[in-house]
Amino acid sequence: MAEFPRFLIGASTKMYFSHARTMEWCRAVAEIARTHPAVRGGDAALFAVPGFLSVPGALEVFDGVAMVGVQDLAAEDHGPFTGEVSGRQAAELGCVLAEIGHAERRRLFGEDDAVVRAKTAAALRSGLVPLLCLGEPERGDPDRAAAECIRQFDDALASAGASGLSGPVVVAYEPHWAIGAPEPAAPEHIAAVCAALRAHLRGLPAHAGSAVIYGGSAGPGLLGRIAHAVDGLFLGRFAHDPAAVAVILDEVSNIAGHKPSRAGSGTIPADSIGAGGTDV
Ligand SMILES: O=C[C@H](O)COP(=O)(O)O
């Protein structure tokens, strides 16, 4: 597994788009990845997490320019599990990441810490990087949020550790209350929690090379305020317009001390970053 660059910028399309629109989005983002100096110069890497049915197409479109992940995986590797998708199959196709523990999986599909633990071990067993979503359910004090996230992290890796599985993890800090909201958590809150997570990870040689990124209504304008404490962003609605991804890469270039490219306009129309939910 190659080391991640300074910033990882990823997006999940959740179940917002049709397959056709997902592929259109993938093609636009792949073109940005192919041409943007932040990616070409190695300051950032992009990843995309489309719905399962769009994964093979996304792998083709992003070949060599961005990583692709799955939004979920089975806790088991193979067998009589109708409707499940094995991490082994995802890895076989060329996926790099498997998203685990998203707040929506916990809230809507009853996934608890035990499920997250089993799926994290399954991802590592399959050679996938867990894209491990952590976050406190209620808005509150950053110290308590950090303690809860560290508890969730240690719990998620417990079975993997007991089985001797190791490898980098992409930790997506996503406070549940900031997902699907009009705006992200406050930069000071994000920075405090992510700094604590990074410090925790530094003490875990089994997971050397891990990254801590922030998600939850993240979009253009945020990275510059939290760059000292995070390794990137996990985008949702505010990446639906591919131009927003280019703008965020421009921000990476600015932080890294390079000039932004012509690939990003520097601004995106206000109506393109409004709350999503009806896109197909
Ligand atoms: O998977 C991405 C996160 O849940 C963030 O989604 P959001 O930016 O639409 O709140």
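Residues numbered from 1 in each chain as written. Predicted model: local features only at pLDDT ≥ 70, side-chain atom pairs only at ≥ 80, totals over all residues.

Caption draft 1: Just the pairing of strand β6 (residues 170-173), in detail. Side-chain alternation along β6 places Val170 and Ala172 on one buried face and Val171 and Tyr173 on a second face that is also buried. As paired elements, strand β5 (residues 129-134) and β6 share 4 bridges and run parallel to each other. Bridge pairing in β6 places Leu131 opposite Val170. As defined by bridge partners, β6 adjoins strand β7 (residues 211-215) across 4 bridges and the pair is classed as parallel. Bridge pairing in β7 places Tyr173 opposite Tyr214. Since β6 and β7 lie parallel, the crossover through helix α9 (residues 187-202) that links them has a hand, and here it is right-handed. (Buried ≥ 20, exposed ≤ 12 C-beta atoms within 10 Å, placed from the backbone. Helix = DSSP H or I, 4+ residues; strand = E, 2+ residues; numbered from the N terminus. Pairing = 2+ DSSP bridges. Right-handed = clockwise from strand over helix to strand, strands pointing away.)

Caption draft 2: Representation of the pairing of strand β4 (residues 97-100). Neither face of β4 is left uncovered, since the one carrying Leu97 and Glu99 and the one carrying Ala98 and Ile100 both have all their residues buried. Handedness of the strand β3 (residues 67-70)-helix α4 (residues 87-93)-β4 crossover: right-handed. Bridge count between β4 and β5: 4 bridges; the pairing is parallel. Across the sheet, the residue bridging to Ala98 is Pro130, located in β5.

Caption draft 3: Highlighting the environment of Glu76. By the element assignment, Glu76 lies in the loop between β3 and α4. Ignoring anything within four residues of it in the chain, the contact list for Glu76 reads Phe81 and Ala122. (Contact = placed C-beta atoms within 7 Å.)

Caption draft 4: Region of interest: the packing of helix α1 (residues 19-35) against helix α11 (residues 242-256). Following both chains from N to C, one finds α1 and α11 inclined at 20 degrees, their axes separated by 9 Å at the closest point. Considered as vectors, α1 and α11 are oriented roughly parallel to each other. Once α1 is placed against α11, the crossing between them reads as right-handed. On α11, the residues touching Trp25, Ala28, Val29 and Ile32 of α1 are Pro242, Val245, Ala246 and Leu249. Counted by class, the contact of α1 with α11 contains 8 nonpolar, no polar and no charged residues. (Axes fitted to C-alpha atoms, helices over the stretch in contact; angles between N-to-C directions. Parallel < 35°, antiparallel > 145°, perpendicular 65-115°, else oblique. Left-handed = near helix turned anticlockwise from the far one by under 90°. Nonpolar A, V, L, I, M, F, W, Y, C, P; charged D, E, K, R; others polar.)

Caption draft 5: Local environment of α11. Counted at 1.5 Å a residue, the expected span for α11 with its 15 residues is 21 Å, and the 21 Å between its end C-alpha atoms agrees. The element α11 is extensively covered by neighbouring structure, given that 12 of its 15 residues are classed as buried. Taken as a whole, α11 has its buried residues at Pro242, Ala243, Ala244, Val245, Ala246, Val247, Ile248, Leu249, Asp250, Glu251, Val252 and Ser253. If you follow the buried residues of α11, they end up packed against β1 (7-12), α1, α2 (37-40), β2 (44-49), α10 (223-226) and β8 (232-235). Immediately downstream of α11, the backbone of Gly257 shows phi near 90 degrees, a positive value. (Expected span 1.5 Å × (residues − 1).)

Caption draft 6: Expanded view of the sheet that holds β3. Here we have 8 strands rolled up into a closed barrel, ordered β1-β2-β3-β4-β5-β6-β7-β8, and parallel in their pairing. Within this sheet the neighbouring strands show an average axis-to-axis angle of 25 degrees, counted without direction. Where helix α6 (residues 113-125) meets the sheet, it contacts β4 and β5, and its direction lies at approximately 175 degrees from that of β4. Relative to the sheet, α9 contacts β6 and β7, its axis offset from that of β7 by approximately 160 degrees.

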